[in-house]
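Inside the fold
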Amino acid sequence: MNENYKEAFERTRIAGEIAAGALEEVAKIIKPGTKTDEIDKLCYEYINDHGAYSAPLFYRGFPKSCCTSTNHIVCHGIPSDKVLKDGDIVNVDVTAIKDGWHGDTSKTFKIGEVSIKANKLVETTYEAMMKAIEIIKEDVFLGDIGATIQNHVEKQGFSVVQDFCGHGIGKTFHKEPNVLHYGKKGTGEKIKAGMIFTIEPMINIGTYETKTLNDGWTAVTKDKSLSAQFEHTIGVTKEGCEIFTLKKI
C-alpha cells in the first residue's frame, strides 16, 4: 500500500470498526417497544467505551449521538421518546471519531414483521450500495457509482434521493468529493487510490423529493412514502476498495 495513505486507512479502519460495533449492539436491542432514545444512549456509551466520540453529537448543533430515521424520514432523524412498533423500518446512522479520524456507517433495521414492499425497499437499498462498492477502484468515474445505484433501484420501481449524497471523510466529517447516488456513467471526476468516502444511498418507495422539517434536521419524503438507507465508509485502492465500517470477528 502507498505509504501516503497507509496511516489514513489504518486510522479510518479503527474508527470504522467502532461505528460498526455500535450498530451490532443496536441489532441486539432493537425491536417493537424500543425507544429511539435508547438506541442513542447505547451508541453513545458503546463508542465512549471504545475510546472514541460520537461525531454527530453537537455537530452543527445536532443534539444526539446518532440519527434514527423511521419510515418516511429519509435521514437526520433525531432520537426521542418515540417507540418503535411492529412493521416500522428505521435507519440508524453512527459515526465514531477515534484519534481525530472518522468512521461513518448506517443500517436500516426491520422492526418485527414488515410489509412485502418495505422488505423489498430495504433489500434493494442494501444491494444498490454493495453493487456500487463492487465497481470502485482507481480511475472509476464518480458518475459510474451513481449510475450503478440508480439503475438497480429504478429497475425495482423505486427512486433515488437527490438532495443528499455520500462524502469524503477522514480527519474531517464531511469534505470533497460529493458522491451522488444517481448519474451517468463516464461523468464526474475519476477517483484515485487513497481517497476515503462514504457510499450511502437513500431510496424511496415514492418520488425522490424530500423536505426538511422545522427542527432544521429531519428530512422526510414529500409524499410520505417509506425511505431506506445503508452506508459504508470505503477506501479506494488501485485494484478495488476496502470497506472500513465492518466489525471484525
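Residues numbered from 1 in each chain as written. Predicted model: local features only at pLDDT ≥ 70, side-chain atom pairs only at ≥ 80, totals over all residues. Heavy atoms only, no water.

Focus: the pattern of salt bridges
Selection rule: A side-chain nitrogen of Lys or Arg and a carboxyl oxygen of Asp or Glu constitute a salt bridge if their distance falls within 4 Å. Helix numbering and strand numbering both begin at the N terminus, where a helix is a DSSP run of H or I of at least 4 residues and a strand a DSSP run of E of at least 2. Working definition: with a 1.4 Å probe on protein chains only, accessible area under 20% of the residue-type maximum means buried, over 50% means exposed, and in between means partly exposed.
If you walk through the whole model with that rule in mind, you get 10 salt bridges. Among the ionic pairs, Asp37 bridges to Lys64, the shortest N-O distance being 2.9 Å. Of this pair, Asp37 sits in helix α2 (residues 36-49) while Lys64 sits in the loop between β1 (53-54) and β2 (67-70); the two residues are 27 residues apart in sequence, bridging distant segments of the chain. With relative accessibility at 28%, the residue Asp37 sits in the partly exposed group. When salt bridges that share partners are traced, they join Glu7, Arg11 and Asp99 into one network.

With respect to the nonpolar core
For clarity, the threshold we go by: Side-chain atoms within 4.5 Å are what join buried Ala, Val, Leu, Ile, Met, Phe, Trp, Tyr and Cys residues into a set we call a nonpolar core. We call two residues contacting when some pair of their heavy atoms lies within 4.5 Å.
Ile136, Ile145, Ile149, Ile191, Phe197, Ile199 and Ile234 are the most contacted members of the largest nonpolar core, which totals 29 residues. Broken down by secondary-structure element, the contributors of at least two residues to this core are α3 (116-135), α4 (142-155), β9 (196-199) and β14 (232-236). Non-local contacts of Ile145, meaning those with residues more than four positions away in its chain, are made with Ala132, Ile135, Ile136, Val179, Phe197 and Ile199. Grouped together as the second largest cluster of nonpolar side chains are 20 residues, Ile30, Cys43, Ala96 and Phe109 included.

Examining the packing of aromatic side chains
Rules: Centres within 6.5 Å are what make two rings of Phe, Tyr or Trp a pair, Trp counting through its six-membered ring; a difference in plane orientation under 30 degrees is then read as stacked, over 60 as edge-to-face, and the rest as tilted.
Within this structure, the stated rule accounts for 5 aromatic pairs. Members of the aromatic cluster, connected to one another through ring pairs, are Tyr5, Phe9 and Phe244.

Considering the sheet that holds strand β3 (residues 73-75)
In plain terms, the rule: Here the rule is simple: two strands pair whenever DSSP picks up at least two bridges between them. Axes here mean lines fitted to C-alpha atoms, for a helix over just the part in contact, with angles spanning 0 to 180 degrees between N-to-C directions.
Taking strand neighbours across the sheet as the criterion, the 3 strands line up as β3-β12-β11 in an open arrangement whose pairing is antiparallel. Of all strands in the sheet, those bounded by a partner on one side alone are β3 and β11 (210-212). Averaged over all adjacent pairs, the angle separating strand axes in this sheet is 40 degrees, with direction ignored. Relative to strand β12 (residues 219-221), β11 is paired through 3 bridges, and the arrangement is antiparallel. Bridge pairing links Thr212 to Ala219 in β12.

Some remarks on the pairing of β9
Burial along β9 is two-sided: the residues Ile196 and Thr198 and Phe197 and Ile199 are all buried. Bridge count for β9 against β14 is 4 bridges, and the pairing is antiparallel. The residue bridging Ile196 from the neighbouring strand is Gly235, located in β14.

Considering the sheet that holds strand β10 (residues 202-204)
As a general point, the strands of a sheet are linked pairwise by backbone hydrogen bonds and lie either parallel or antiparallel. Read from one edge of the open sheet, 3 strands run β6-β10-β13, paired in antiparallel fashion. Each edge of the sheet is formed by a strand with only one pairing partner; in this case those strands are β6 (159-160) and β13 (227-229). Sheet topology places β10 next to β13; 3 bridges connect them, and they run antiparallel. Following the sheet pairing, Ile203 is matched in β13 by Ala228. Packing against the sheet, α3 makes contact with β10 and β13, and its axis sits at approximately 35 degrees to β13.

Observations regarding the layout of surface pockets
Take a probe with the size of a water molecule and roll it over the atoms, and the empty space left behind shows itself. Stated formally: Computed over the protein atoms alone on a 1 Å grid, cavities are sets of points where a 1.4 Å probe fits but cannot get out and pockets are open sets with protein on both sides within 12 Å along at least five of seven lines; a residue lines them when it has an atom within 4 Å of a point. Grid points are joined across faces, edges and corners, and a volume is the space filled by probe spheres set on the points.
A volume near 500 Å³ is recorded for the largest pocket. Lining the largest pocket are 25 residues; nearest its centre among them are Tyr59, His76, His167, Phe173 and His174. Elements supplying a minimum of two residues to the lining of the largest pocket: β4 (89-98), β7 (166-168) and β8 (175-179). If one sorts the elements of the lining of the largest pocket by residue count, β4 sits on top with 3 residues. In terms of lining, the second largest pocket is formed by 15 residues, of which the most central are Leu23, Thr105, Lys107, His232 and Thr245.

Quick notes on the packing of α3 against α4
Heads up, the rule is: Note that the term roughly parallel is reserved for angles under 35 degrees, roughly antiparallel for angles over 145, roughly perpendicular for angles of 65 to 115, and oblique for everything else. Crossings are sorted by hand: turned counterclockwise from the far helix by less than a right angle, the near helix makes the crossing left-handed, and turned clockwise it makes it right-handed.
Between α3 and α4, the least distance of the axes is 9 Å, while the angle of their chain directions is 150 degrees. If you check the angle between α3 and α4, you find them roughly antiparallel. Where α3 crosses over α4, the two elements pack in a sense that is right-handed. Taking contact as the criterion, the partners of Thr124, Glu127, Ala128, Lys131, Ala132 and Ile135 in α3 are, on α4, Asp144, Ile145, Thr148, Ile149, His152 and Val153.

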